[in-house]
Amino acid sequence: MKRVYNFSAGPSMLPLEVLEKAQAELPSYNDSGMSVMELSHRSGLFTEIITEAEALLRELLNIPSHYKVLFIQGGASQQFAMVPLNLMKNGKADFVHTGSWSKKAMKEAEKYGKVNVIASSEDDNFTYIPNIDPTTLDPDADYVHITTNNTIEGTAFREIPDTGKVPLVADMSSNILSEEIDVSQFGIIYAGAQKNIGPAGLTVVIIREDLIGNAKDICPTMLDYKTHSESGSLYNTPPTFAIYMAKLVFEWVKELGGLKAMQERNEKKAAILYDYISQSDFYQSPVAEDSRSIMNIPFVIPNHDLDAKFIKEAQAEGLETLKGHRSVGGMRASIYNAMPVEGVEAFVAFMKKFEAENK
Ligand SMILES: *Cc1c(COP(=O)(O)O)cnc(C)c1O
């Protein structure tokens with residue numbers, strides 16, 4: 001069987017163990033004679049799956065009991081609308097602008113209220129995480145929004161800002177479960193599943209209970225957090241198979257030692273790649289050192305004519321999906337939880353060889 005090291009930013013690699021378990025259980029889940037895809041979402045077997053998925057996520061992230069976990073659809077992009085529709089009581093929110101995703105989140109929020117940019121790194125092409133001056137925070141804002149990991153630009157918040165009484169809302173699509181976090185610092189955490197959690201089609205929302213039940217009158221039922229909270233994410237048919245896959249991934253993370261072990265592994269992987277790029281005068285990182293993501297690592301070869309050759313030759317060695325995002329150019333290696341250390345080592349070995357041959 002052919003398997004490659006897939007450096008895609010999303011949908012991205014899933015652990016082989018998880019795929020094999022799903023494969024083994026596919027035709028007849030738990031001796032039911034049905035696959036998970038064919039189970040009623042109201043059946044006992046599916047109830048066990050979704051209950052266990054939530055319990056595992058709560059355990060991994062140490063989610064306090066006054067937070068709800070919602071399994072919904074629409075991707076992180078739908079959260080760009082759901083958050084303001086549910087939270088904008090005073091009609092204004094503070095945003096930290098760190099790249100393409102925060103821009104989309106702001107554009108959507110502007111439809112429902114006033115968006116105030118309290119910090120931005122646009123002046124330097126989003127290559128760093130800006131400092132937040134606490135005096136710029138509006139105490140009457142309905143929330144402060146950050147993108148903890150900027151998938152396209154390769155930056156990440158190394159420290160979570162303290163927003164006092166104003167709830168902090170975080171788009172964690174590309175770094176949820178990659179390191180230990182303190183959920184109580186946030187009002188809402190949301191993430192599309194297709195980077196670190198499972199297949200596309202599922203969105204995970206972790207929300208403090210007091211932020212539920214305040215939706216605007218115009219808010220569609222399906223976009224009201226209360227709808228999903230009151231029904232245990234079963235108001236309508238949820239993405240059942242994606243929830244099952246997420247459960248298998250949560251089990252895999254737990255078996256590997258939970259988020260502490262995952263973080264150590266991820267830091268090690270990023271260090272292998274960054275250490276090599278730093279000592280090389282062939283490759284360059286555009287990202288400020290103190291703002292580097294450990295999930296998405298963009299880099300360039302100053303002679304851009306070599307980009308296509310690099311990507312083609314890497315692919316021939318089973319190193320896939322390395323083209324940088326069109327807005328940044330160059331290359332990008334996404335090394336989410338499922339990427340093993342050996343994958344990064346194989347990639348660095350290839351980079352060395354390519355450097356020697358093309359310098
Ligand atoms: C991928 C991504 C999104 C978009 O997610 P969808 O599920 O495709 O809507 C939003 N924000 C961040 C940080 C991402 O990485």
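Note that this is a predicted model, so its numbers are computed, not measured.

Reading guide: rules and limits
- Residues numbered from 1 in each chain as written.
- Predicted model: local features only at pLDDT ≥ 70, side-chain atom pairs only at ≥ 80, totals over all residues.
- Heavy atoms only, no water.
- Helix = DSSP H or I, 4+ residues; strand = E, 2+ residues; numbered from the N terminus.
- Rg over C-alpha atoms; globule rule 2.2 N^0.38 Å.
- Buried < 20%, exposed > 50% of the residue type's maximum accessible area, 1.4 Å probe, protein only.
- Contact = heavy atoms within 4.5 Å.
- Areas by Shrake-Rupley, 256 points an atom, 1.4 Å probe, with all protein chains shown as cover.
- Lys, Arg positive; Asp, Glu negative; His and termini not counted.
- Charge placed at Lys NZ, Arg CZ, Asp CG, Glu CD.
- Near = heavy atom within 4 Å.
- Polar contact = N/O pair within 3.5 Å; in protein donor to acceptor, adjacent residues only side chain to side chain.
- UniProt positions renumbered as here; feature names shortened; annotations may be inferred.
- Pairing = 2+ DSSP bridges.
- Expected span 1.5 Å × (residues − 1).
- Salt bridge = Lys/Arg side-chain N within 4 Å of Asp/Glu carboxyl O.
- Patch = residues over 30% accessible without salt bridge, like charges linked within 9 Å, V, L, I, M, F, W, Y side chains within 5 Å.
- Phe/Tyr/Trp six-rings, centres within 6.5 Å; stacked < 30°, edge-to-face > 60°.
- Domains from an automatic or database assignment.
- Buried area = accessible area lost by both parts, 1.4 Å probe.

Asks: Account for the overall build of the protein chain, naming residues and giving values.
Replies: What the protein chain contains, in helices and strands, is nine helices and 13 strands. Relative to a compact globule of 359 residues, whose C-alpha radius of gyration would be 21 Å, the protein chain shows 21 Å and is just as compact. With respect to the three principal axes, the spread of C-alpha positions in the protein chain is 60 × 60 × 30 Å. Going through the 359 residues of the protein chain one by one, you find that 55% of them count as buried. The long-range share in the protein chain, meaning contacts at least 24 apart out of those at least 6 apart in sequence, stands at 67%. Accessible surface, the protein chain: about 15,700 Å² in total, of which carbon and sulfur atoms supply 48%. Taking the 34 positively charged and 48 negatively charged side chains of the protein chain as two groups, their mean positions are separated by 3 Å.

Asks: Mind laying out the site of the ligand, listing which residues take part and the relevant values?
Replies: In the vicinity of the ligand, 13 residues are found, and the nearest of them are S77, T151, D171, Q194 and K195. K195 is positioned with one of its side-chain polar atoms (N or O) 2.7 Å from an oxygen atom of the ligand. Coverage of the ligand by the protein chains reaches 87% of its 390 Å² of free accessible surface. With four residues, the single largest contributor to the shell around the ligand is helix 3 (residues 75–87).

Asks: Would you mind going over the UniProt feature "modified residue: N6-(pyridoxal phosphate)lysine" (unreviewed entry) in the protein chain in detail, with residue names and values included?
Replies: In the UniProt entry, the feature "modified residue: N6-(pyridoxal phosphate)lysine" (unreviewed entry) is given for K195. Looking at the element boundaries, K195 is found in the loop between strand 9 (188–192) and strand 10 (203–208). Among the residues examined, K195 registers a relative accessible area of 13% and is labelled buried. Ignoring anything within four residues of it in the chain, the contact list for K195 reads A9, G10, S12, T151, S173, S174 and Y336.

Asks: Residue-level account of the pairing of strand 5 (residues 144–147), with values.
Replies: Burial of strand 5 is two-sided: the residues V144 and I146 facing one way and the residues H145 and T147 facing the other way are all buried. Two elements, strand 3 (residues 92–97) and strand 5, share two bridges in a ladder whose sense is parallel. Bridge pairing in strand 5 places D94 opposite V144. Bridging between strand 5 and strand 8 (residues 168–171) involves four bridges; their strand directions are parallel. For H145, the partnering residue across the bridge sits in strand 8 and is V169.

Asks: Hey, could you go over helix 7 (residues 258–279) for me, with residue numbers and the actual values?
Replies: The end-to-end C-alpha distance of helix 7 is 32 Å, a good match for the 32 Å that 22 residues give at a rise of 1.5 Å each. Buried residues belonging to helix 7 abut helix 2 (44–61), helix 6 (240–255), strand 11 (296–299), strand 13 (331–334) and helix 9 (341–358).

Asks: Kindly report on the pattern of salt bridges, identifying the contributing residues and their values.
Replies: The final tally for this structure, using the stated rule, is 15 salt bridges. For the salt bridge of K21 with E25, the shortest nitrogen-to-oxygen distance reads 4.0 Å. Of this pair, K21 and E25 both sit in helix 1 (residues 16–25), four residues apart, roughly one helical turn. Owing to a relative accessible area of 21%, E25 belongs among the partly exposed residues under this scheme. Linking K359 and E355 is a salt bridge whose minimum nitrogen-to-oxygen distance equals 3.1 Å. With relative accessibility at 65%, the residue K359 sits in the exposed group. Among the ionic contacts, a cluster of salt bridges with common partners joins K21, E25, K247 and E251.

Asks: So what about a positive patch on the surface? Which residues, and what values?
Replies: A cluster of basic residues, K103, K104, K107 and R326, forms a positive patch at the surface. Within the element layout of this structure, R326 appears in the loop between strand 12 (319–320) and strand 13. The class for R326 is exposed, based on a relative accessible area of 77%.

Asks: Outline the packing of aromatic side chains, listing residues and values.
Replies: All chains considered together, the criterion is met by 17 aromatic pairs. The interplanar angle of 75° and the centroid separation of 6.1 Å between the aromatic rings of Y283 and F310 together place this pair among those described as edge-to-face. With Y283 in the loop between helix 7 and strand 11 and F310 in helix 8 (residues 307–316), this pair connects stretches of sequence that are 27 residues apart. According to the relative accessible area criterion, Y283 is buried, its value standing at 1%. Here F310 falls in the buried class, since its relative accessible area comes to 0%. An aromatic cluster of three or more residues is present, and its members are F7, Y276, F282, Y283, F299, F310, F347, F350 and F354.

Asks: So, the domain arrangement of the protein chain: which residues are in play, and what are the values?
Replies: Each assigned domain of the protein chain is listed with its residue range as follows: domain 1 (16–255) and domain 2 (258–358). Opposite the 25 residues of domain 1 that make contact, domain 2 presents 25 residues. Interface of domain 1 and domain 2: buried area, both sides summed, is about 2,100 Å²; carbon and sulfur atoms make up 55% of it. Ranking the residues of domain 1 by area buried against domain 2 places I152, E180 and W252 at the top, with a combined share of 23%. Taken together, the elements giving at least two residues each to the side of domain 1 that touches domain 2 come down to helix 2, strand 7 (155–156) and helix 6. For the side of domain 1 that touches domain 2, the leading source of residues is helix 6, giving three residues.

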